[in-house]
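Residues per chain, in single letters:
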Amino acid sequence: MEQNYHKQIAIENQVRLRELLLELPKFCSQFFRGIEQTTSSRTRISYAYDLKVFFEYLMISNPSLKNKTMQEFPISILDEITPMDIEEYMEYLKYYVKDGKEYINNERGISRKLSSLRSFYRYFYKKQLLQNNPPSLVDAPKIHEKAIIRLEQDEIVKLLDAVESGDKLTKSQKKYHEKTKIRDLALLTLLLGTGIRVSECVGLNLSDVDTENYGIRILRKGGEESIIYFGDEVYIALLPYLEQRERIIAQSGHEEALFLSMQNRRINVRSVENLVKKYASIVTSLKKITPHKLRSTYGTRLYEETSDIYLVADVLGHKDVNTTKKHYAAQNDLNRRRAGNAVPLRKVED
């Protein structure tokens, strides 16, 4: 019987975290035990990678640590760090080389790593194992908001037409297109018509689809279950795939999966990303379209149609409506175009 997809991912993340803890200072284990009940396995993995970069930096910048392994670092080393040291670390993050590979962090990457460090220090500071909390005294870099990249209405039509016809695919791609186009059309239409995350999409089981009530059951980030409803266009795209899926014999352990790969295994996130990239490149060369951009497309259009930011937040699964406001209630191109004719410069007298 298939292991629940989301539970399986959590187990894999837990195994990876244990591997990382064998490299990190021993006192880090206490931090990860302490935050286990309030964070997802994915968040803890991100923290572990970020902390590893921080401790590797300390080994480079602190001569007294050069003859120690990372595991031997005492917790007292954290109390020796000053706010200026943290600022120097942030400067280092902009560009560094490790094992011959170059790493570049933009303001978002630096801000995320500072946030990880703040959580790390805050935990030990609250437990009174540290006397100082230097990351809390350092300002995060200013994040310059980027314009939301999304598909326009005509681009959505062209994207779905491209999936159906396959006309502009390469010869190599066309060989597989006849086998996958029903699945691809169902998958992309579902993403565009519901705004679900790609992880939520690949985690869907056959039993999660309710064609009578036009709904799907998904597991949100944080483990909350939610029912998302879809419209006629999604239903029309899903039905042929569901009929096709009934005839496919999935590999052992993948019998319940809704979307299958060419190997008849549950499709994974990377495969969906490549699938979106393949078809989107036919439609637009100016926009880098990913599954998340399809989610942005849905969120933007839903807000434009309803003007209900709370509905958008609920459907997209945002815990904080301010996150939704930040992305979707900002002035968009449509509003800017309206503004262009809103104020007359030479008022015409009747």
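These remarks concern the structure in this document. Each chain carries its own residue numbering, running from 1 in the written order of its sequence. Side-chain atom pairs in this predicted model are given and counted only at pLDDT of 80 or more, local residue features only at pLDDT of at least 70, and totals for whole chains, interfaces and linings cover all residues. The side-chain quantities take in all heavy atoms of the structure and omit both hydrogens and water.

Section: the nonpolar core
In terms of nonpolar packing, the biggest core is built from 43 residues, with Leu 188, Leu 190, Ile 196, Ile 216, Phe 259 and Leu 294 touching the most fellow members. Working definition: helices are DSSP H or I runs of at least four residues, strands are E runs of at least two. Numbering for both runs from the N terminus. Of all elements in the fold, only helix 6 (153-165), helix 7 (171-194), helix 8 (198-202), strand 4 (215-219), helix 9 (232-246) and helix 10 (269-283) reach the threshold of two or more residues within this core. If you tally residues by element for this core, the top one is helix 7, at seven residues. Contacts were defined at the residue level, with two residues in contact if any of their heavy atoms lie within 4.5 Å. For Phe 259, the residues in contact, after removing those within four places along its chain, are Arg 183, Ala 186, Leu 187, Leu 190, Cys 201, Leu 238, Tyr 241, Arg 265, Arg 266 and Ile 267. We call a set of buried Ala, Val, Leu, Ile, Met, Phe, Trp, Tyr and Cys residues a nonpolar core when their side-chain atoms join them within 4.5 Å. Burial classes: relative accessible area under 20% of the type maximum marks a residue as buried, over 50% as exposed, and values in between as partly exposed (1.4 Å probe, protein chains only). Formed by 39 residues, the second largest nonpolar core is a distinct cluster that contains Leu 17, Phe 32, Tyr 57 and Phe 120.

A short note on the environment of Val 321
The topology assignment puts Val 321 in helix 13 (residues 321-328). Discounting chain neighbours no more than four positions away, the residues touching Val 321 are Ile 309, Tyr 310 and Ala 313.

Description of the pairing of strand 2 (residues 101-104)
Of the pairings in the sheet, the one linking strand 1 (residues 95-98) to strand 2 comprises four bridges and is antiparallel in character. By the bridge assignment, Lys 98 is partnered in strand 2 with Lys 101. Strand pairing requires that DSSP identify at least two bridges connecting the strands. Hairpin remark: strand 1 followed by strand 2, antiparallel, with two residues in the connecting loop; positive phi at Asp 99, about 50°.

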